[in-house]
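Reading the structure
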Amino acid sequence: MKKVFLSIAFVLIAQMCIAQDANFKANVLKLISISGSDAQVKLIKPQILNMIADDKKESFSKDFDASIPSLHDKIAKVYMEIYTPEDIKGMIAFYESPVGKKMSEKAGELGQKSMQAGQEWSQELQALMAKYKEAVPAQNEYEVIKPKQ
């Protein structure tokens, strides 16, 4: 009788854990959506489409869009490793607030402008590196020394 009771208890506990995990994942996916985290994916799609032949863009676009849920699942797994369910609920509450909604709405614009700022800085950094590279002798030159015989 004890074994039956323990087995039933184990199954019920396992089902509760699975249900809690599913609820946690659903909340994480909601957070990804309302936070604007998926805006980065929307930003890169046009750039990637520019590399695809015109006659294949429509098919690629459909396949690209179909792959996004898989990406969201992978990101959700990362969130679930780092944050607690309470953390996620707190973040959802923030993104449902007026400031959070504004932050989410502006995520795409912020990402695009940040990417542009990063590209500008990269050009400045290249010039800075060139300035210091000229002062350093070529590092790939080496002398072959023959062993004494």
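Quick summary incoming for the structure in this document. On a predicted model such as this, the values are computed, not experimentally measured, just so you know.

Here we take up the overall build of the protein. Of the regular secondary structure elements, the protein holds six helices and zero strands. What you see in the protein, going N to C, is helices and strands ordered as α-α-α-α-α-α. Taking all 149 residues of the protein together, 17% fall into the buried category. Taking as baseline every contact in the protein between residues at least 6 positions apart, the subset at least 24 positions apart corresponds to 73%. A total of about 12400 Å² of accessible surface is found on the protein, and carbon and sulfur atoms cover 61% of it.

Counted under the stated rule, the structure contains three aromatic pairs. Note on Y79 and Y83: the rings are 5.8 Å apart at their centroids and 50° apart in plane angle, and the pair reads as tilted. Since its relative accessible area comes to 18%, Y79 is described here as buried. Judged by its relative accessible area of 32%, Y83 falls in the partly exposed class.

Those residues of helix α4 (residues 85-95) that sit buried are I88, I92 and Y95. For α4, the buried positions fall inside an angular range of 65° around the axis, keeping them on one side.

Thresholds applied
- Residues numbered from 1 in each chain as written.
- Predicted model: local features only at pLDDT ≥ 70, side-chain atom pairs only at ≥ 80, totals over all residues.
- Heavy atoms only, no water.
- Helix = DSSP H or I, 4+ residues; strand = E, 2+ residues; numbered from the N terminus.
- Buried < 20%, exposed > 50% of the residue type's maximum accessible area, 1.4 Å probe, protein only.
- Contact = heavy atoms within 4.5 Å.
- Areas by Shrake-Rupley, 256 points an atom, 1.4 Å probe, with all protein chains shown as cover.
- Phe/Tyr/Trp six-rings, centres within 6.5 Å; stacked < 30°, edge-to-face > 60°.
- Arc of directions from axis to C-beta.

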